[in-house]
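Structure at a glance
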Amino acid sequence: MTSTERHERFRELHGSGCFVIPNPWDAGSARMMAAAGAKALATSSAAFAFTLGRPDMGTVSRDESLAHAEAIVAATGLPVSGDFENGFADDPDGVAETVRMAAGAGLSGCSIEDTRMTPGNPAYAFELAVERIRAAVGAARALKHPFVLCARADGVMNGVYDLAEAIRRVRAFEAAGADLLYVPVPPGAAELKQLLAAVTKPVNALAAGPLRDLSVAEFAALGVRRISLGSQVARVTHAAIRDCMAGMMRDGSFAALKAGASGREIDAMLAAGSAGGENG
């Protein structure tokens, strides 16, 4: 796909149906996900931070995240969205600048959280949180191509406000013009259903916590438009490292290595993914 086709395709994906958007952490994982049938990709702040030996939440700079996003965009022909935490700024103008830079990196969209990157990760005050999204939307609309702006209310996941406040915030984000709304890790499917009933714009759900028990068909039946994986696949990969090393270092066993994919299989997926993924 050309850049224009990527952006148009990404907008179309949010118009109807339900799709899974996996989150790679490097070019190789991006190509394997594309080869497996992904329709679009998204970066993950946590998965990328892990590759740098850092924890999530404010440890990666805007420049590092943009360079990483460019590498993911270049890896396949699929549209890519950026997980850009709080927009790398507290003030609305700074968030708007991040959106413009995200578009310059080739991204077809990005997400902006209402979380301060300070100890305890408190939420921005309601009015400021809404102004930040309004500024991000304004920057996105000023672009010459479609750009899907995802507004996140992360306080439920971070334990700083309840579901009612999350719903109040995403309704305000919707009114401010956000294209996609996202409340990570509500307590369960009933709460996700409550969220979906409160808004009219498309909703992203994270396949994490209790929502991992739902199938794609069940997410779709609830009315979810997009299912993201966040750092979940990266965490499965890290669990494999943990378990393999425990077997070797603690038990002297190499049995876990038998579960590895063959080099030939990996090479084939890398080649298929680099050819364009969904339409390759």
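Now for a look at the structure at hand. (Residues numbered from 1 in each chain as written. Predicted model: local features only at pLDDT ≥ 70, side-chain atom pairs only at ≥ 80, totals over all residues. Heavy atoms only, no water.)

A few words on the layout of surface pockets. Reported here for the largest pocket is a volume of approximately 380 Å³. Counting residues per element, the ones that place at least two in the lining of the largest pocket are α3 (45-51), β3 (80-83), β8 (226-228) and α11 (232-251). Residues belonging to the lining of the largest pocket are distributed by class as follows: 9 nonpolar, 11 polar and 7 charged. In this structure, the second largest pocket encloses a volume near 310 Å³. Secondary-structure elements contributing two or more residues to the lining of the second largest pocket are α2 (27-35) and α11. Considering every element that reaches the lining of the second largest pocket, the biggest residue donor is α11, with 4 residues. (1 Å grid on protein atoms, 1.4 Å probe; cavity = no way out; pocket = protein on both sides within 12 Å on 5 of 7 lines; lining within 4 Å. Points joined across faces, edges and corners; volume = space filled by probe spheres on them. Helix = DSSP H or I, 4+ residues; strand = E, 2+ residues; numbered from the N terminus. Nonpolar A, V, L, I, M, F, W, Y, C, P; charged D, E, K, R; others polar.)

Taking 1.5 Å of rise per residue, the 13 residues of helix α8 (residues 163-175) would be expected to cover 18 Å, and the 18 Å separating its terminal C-alpha atoms lies within 8% of that figure. Looking at α8, one finds that the buried residues are Leu163, Glu165, Ala166, Ile167, Arg169, Val170, Ala172, Phe173 and Glu174. Buried residues along α8 sit in contact with α6 (126-141), β5 (148-152), α7 (155-158), β6 (180-182) and α9 (189-198). Two or three places before Ala164, at the opening of α8, Asp162 has a side-chain oxygen 3.3 Å from that residue's backbone nitrogen. Looking one or two residues beyond α8, the residue adopting positive phi is Gly177, at roughly 110 degrees. (Expected span 1.5 Å × (residues − 1). Buried < 20%, exposed > 50% of the residue type's maximum accessible area, 1.4 Å probe, protein only. Contact = heavy atoms within 4.5 Å. Polar contact = N/O pair within 3.5 Å; in protein donor to acceptor, adjacent residues only side chain to side chain.)

One can describe the packing of α6 onto α8 by two numbers: an axis separation of 9 Å at closest approach and a directional angle of 35 degrees. Where α6 crosses over α8, the handedness of that crossing is right-handed. Across the interface between the two elements, Phe126, Ala129, Val130 and Ile133 of α6 pack against Glu165, Arg168, Arg169, Ala172 and Phe173 of α8. (Axes fitted to C-alpha atoms, helices over the stretch in contact; angles between N-to-C directions. Left-handed = near helix turned anticlockwise from the far one by under 90°.)

This next bit is on the sheet that holds strand β1 (residues 19-21). Taken in spatial order, the 8 strands of this open sheet run β1-β8-β7-β6-β5-β4-β3-β2, and their pairing is parallel. Only two strands of the sheet have a single partner each, and these edge strands are β1 and β2 (41-42). Bridge analysis of β3 against strand β4 (residues 109-112) gives 3 bridges, and the strand direction is parallel. Within β4, the residue paired with Ser81 across the bridge is Gly109. (Pairing = 2+ DSSP bridges.)

Moving on: unusual backbone geometry. For Met57, which is not a glycine, the phi torsion comes out positive at approximately 80 degrees. Checked against the element boundaries, Met57 lands in the loop between α3 and α4 (62-75). Located in the positive-phi region is Phe88, a residue other than glycine, with phi close to 60 degrees. With respect to the helices, strands and loops of the structure, Phe88 is situated in the loop between β3 and α5 (92-104).

Another point: empty space enclosed by the protein. On inspection of all chains with the given rule, the structure shows 1 cavity of 30 Å³ or more. Reported here for the largest cavity is a volume of approximately 80 Å³. Taken together, 13 residues make up the lining of the largest cavity; nearest its centre are Ser45, Phe48, Val60, Ser65 and Asp83. The set of elements that each furnish at least two residues to the lining of the largest cavity consists of α3 and α4. The element best represented in the lining of the largest cavity is α4, accounting for 3 residues. Here the lining of the largest cavity is built from residues that sort into 5 nonpolar, 5 polar and 3 charged.

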